[in-house]
Amino acid sequence: MERIELSNRAFEGDNNAYLFNDGPETVLVDTGDWLEGSEGQLRQELAARDISFADVDRIFLTHWHGDHIGLASTIQRTGDATVYVHSADTALVAGDEDAWAEMHDLQEKYFDQWNIPEEGQDVLFGLMDGSPYTEDPPTVTPIEDGDTFDINGTEIRAVHAPGHAAGLCMYEMSDGDSHEVFTGDALLPQYTPNVGGADVRVERPLEKYLETLQKIIDAGYDRAWPGHRDPIDDPTARAEHIMHHHEERSWRVLDALRRLGPCDVWTVSADLFGDLEHIHILHGPGESYAHLEHLERDGVVERDGNEYRLAEGTEADLDELDEEYWPLV
């Protein structure tokens, strides 16, 4: 297996596509985005290995986001590769118009609920203008948690890992000596994957993502191959670090409500992250919402319309906690 790095002008670091080409099949895990630069890079990297798009037999996608699936259609159209993705993301990857319309409607609902200013919403919808293809979308084969596949004698197993996206799927592989995993955006080496905004279809996004992190910890992988940037040599430690990061963030959300009083998601986001630009206009309030929703169900925050406030007695508990983080799990 080889890692191919592809440029990414919009998100957190270069994308990774992973190539299996040590046997009769040629297989990719993720494809990078749809931009001309990424396509040229992938073609060049494959050509250096005497491979063309037409030689690709199968593509395993980690989730529906455009920077991971953008070239799937082009590759399939060239050589008829089979494209796999978790069933929760199948309709979006396949370019189903109803699924994309439902996504747009749900985004509008949440953007209004979070009180994202109109100019911010205009920016976001300018960035998220529907299906991420420049041609017809691919034909997609749905997969489920636990499905296994043989790639040139190496078995990979699909592991459903929702939170960042409803259908995010990791692929774990073992060769007897090492237990490794392709994590997509479930685990990244530098940034903490966004929850809440990255896929507004996910109900209880923070809870689901914490469960995904616990899956990674329990699996004890020897190495993780993420969707962006370099491999992660201690996935367990990285997952634990991100879990503690979210504990700290929940403390900061509660502290914001203590200082500011009742306020909406956009106000909490501004307190946490300051002024936001580009796609982070979505990620900031999305992350804030994920924590507020989680804390509301935990009984320490109450919601009235679009405003959140500390539940009765919570402020005294916060005073007692001092530097301790509010426990999430």
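Everything numeric in this text was worked out from a predicted model, so none of it was measured.

1. Brief notes about the overall build of the protein chain
For the protein chain, the count of helices and strands is 11 helices and 13 strands. For 329 residues, the compact-globule estimate of 2.2 N^0.38 gives 20 Å, and the C-alpha radius of gyration of the protein chain, at 20 Å, lies within 12% of that figure. Across its three principal axes, the protein chain shows a C-alpha extent of roughly 65 × 45 × 30 Å. When each of the 329 residues of the protein chain is scored for burial, the buried share is 53%. In the protein chain, of all internal contacts separated by at least 6 residues, the share reaching a separation of at least 24 is 68%. When the accessible surface of the protein chain is totalled, it reaches about 14100 Å², and 41% of it is carbon and sulfur.

2. Side note on a negative patch on the surface
Where like charges cluster on the molecular surface, the negative patch consists of Asp-96, Glu-97, Asp-98, Glu-102, Asp-105, Glu-108 and Asp-112. With respect to the helices and strands, the residue Asp-96 is situated in the loop between α4 (87-93) and α5 (97-113).

3. Describing the packing of helix α8 (residues 235-260) against helix α10 (residues 280-297)
Two elements in contact, α8 and α10, have axes whose closest approach is 10 Å; the angle formed by their N-to-C orientations is 85°. Taken together, the axis directions place α8 and α10 in an arrangement best described as roughly perpendicular. Of the residues in α10, those in contact with His-246, Arg-249, Ser-250, Val-253, Leu-254 and Leu-257 of α8 are Glu-287, His-291, Leu-292 and Leu-295. Of the residues contributing to the contact of α8 with α10, the split by class is five nonpolar, three polar and two charged.

4. A few points about the pattern of salt bridges
For the coordinates displayed, the defined rule picks out 17 salt bridges. For Glu-172, the salt bridge is made with Arg-157, and the minimal N-O distance between the two is 3.1 Å. Here Glu-172 is found in strand β9 (residues 169-174), whereas its partner Arg-157 is found in strand β8 (residues 154-160), with 15 residues between them in sequence. Since its relative accessible area comes to 32%, Arg-157 is described here as partly exposed. Several salt bridges share partner residues, and in doing so they unite Arg-204, Glu-207, Glu-293 and Arg-297 into one network.

5. What about the packing of α8 against helix α9 (residues 265-273)?
At their nearest, the axes of α8 and α9 sit 10 Å apart, and the two run at 115° to each other. Here α9 runs roughly perpendicular to α8, going by the angle between their axes. For the crossing formed where α8 meets α9, the hand is right-handed. Residue-level inspection shows Arg-249, Arg-252, Val-253, Ala-256, Leu-257, Arg-259 and Leu-260 of α8 in contact with α9, the latter providing Thr-267, Val-268, Asp-271, Leu-272 and Phe-273. Its residues assigned to classes, the contact of α8 with α9 shows seven nonpolar, one polar and four charged.

6. Brief notes about α8
Residues three or four positions apart in an α-helix share a direction because the helix packs 3.6 residues into each turn. Here α8 is 26 residues long and its end C-alpha atoms lie 37 Å apart, about the 38 Å a rise of 1.5 Å per residue gives. Backbone geometry just after α8 places Gly-261 at a positive phi near 80°.

7. Observations regarding empty space enclosed by the protein
Over the atoms, a rolled probe matching the size of one water molecule traces out where space is still vacant. Summed over all chains, the structure comprises one cavity of 30 Å³ or more. Size it by volume and the largest cavity reaches roughly 40 Å³. Together, Tyr-110, Trp-114, Gly-196, Asp-199, Val-200, Val-202, Pro-205 and Tyr-289 line the largest cavity. Grouping the amino acids of the lining of the largest cavity by side-chain chemistry returns six nonpolar, one polar and one charged.

8. Examining the sheet that holds strand β6 (residues 140-143)
Pairing within the open sheet is mixed, and its six strands lie in the order β1-β2-β3-β4-β5-β6. Bordering the open sheet on either side are β1 (2-6) and β6, each of which pairs with just one other strand. In this sheet, adjacent strand axes meet at a mean angle of 25° when their direction is disregarded. With five bridges connecting them, β1 and strand β2 (residues 15-20) associate as antiparallel partners. When the bridges of β2 are listed, Leu-6 appears paired with Asn-15.

9. Describing unusual backbone geometry
Located in the positive-phi region is Asp-80, a residue other than glycine, with phi close to 65°. Assignment of secondary structure puts Asp-80 in the loop between α3 (72-79) and β5 (82-86). Looking at Asp-80, the relative accessible area reads 65%, which means it is exposed. Phi angles above zero are rare outside glycine, and His-278 is one such case at about 55°. You can see His-278 is positioned in the loop between α9 and α10.

10. Quick notes on the sheet that holds strand β11 (residues 223-226)
The strand order across the open sheet built from five strands is β7-β8-β9-β10-β11, with neighbouring strands paired in mixed fashion. Unpaired on one side and paired on the other, β7 (148-151) and β11 mark the two borders of the sheet. Neighbouring strand axes in the sheet, compared pairwise and without regard to direction, differ in orientation by 25° on average.

Analysis parameters
Residues numbered from 1 in each chain as written. Predicted model: local features only at pLDDT ≥ 70, side-chain atom pairs only at ≥ 80, totals over all residues. Heavy atoms only, no water. Helix = DSSP H or I, 4+ residues; strand = E, 2+ residues; numbered from the N terminus. Rg over C-alpha atoms; globule rule 2.2 N^0.38 Å. Buried < 20%, exposed > 50% of the residue type's maximum accessible area, 1.4 Å probe, protein only. Contact = heavy atoms within 4.5 Å. Areas by Shrake-Rupley, 256 points an atom, 1.4 Å probe, with all protein chains shown as cover. Patch = residues over 30% accessible without salt bridge, like charges linked within 9 Å, V, L, I, M, F, W, Y side chains within 5 Å. Salt bridge = Lys/Arg side-chain N within 4 Å of Asp/Glu carboxyl O. Lys, Arg positive; Asp, Glu negative; His and termini not counted. Charge placed at Lys NZ, Arg CZ, Asp CG, Glu CD. Axes fitted to C-alpha atoms, helices over the stretch in contact; angles between N-to-C directions. Parallel < 35°, antiparallel > 145°, perpendicular 65-115°, else oblique. Nonpolar A, V, L, I, M, F, W, Y, C, P; charged D, E, K, R; others polar. Left-handed = near helix turned anticlockwise from the far one by under 90°. Expected span 1.5 Å × (residues − 1). 1 Å grid on protein atoms, 1.4 Å probe; cavity = no way out; pocket = protein on both sides within 12 Å on 5 of 7 lines; lining within 4 Å. Points joined across faces, edges and corners; volume = space filled by probe spheres on them. Pairing = 2+ DSSP bridges.

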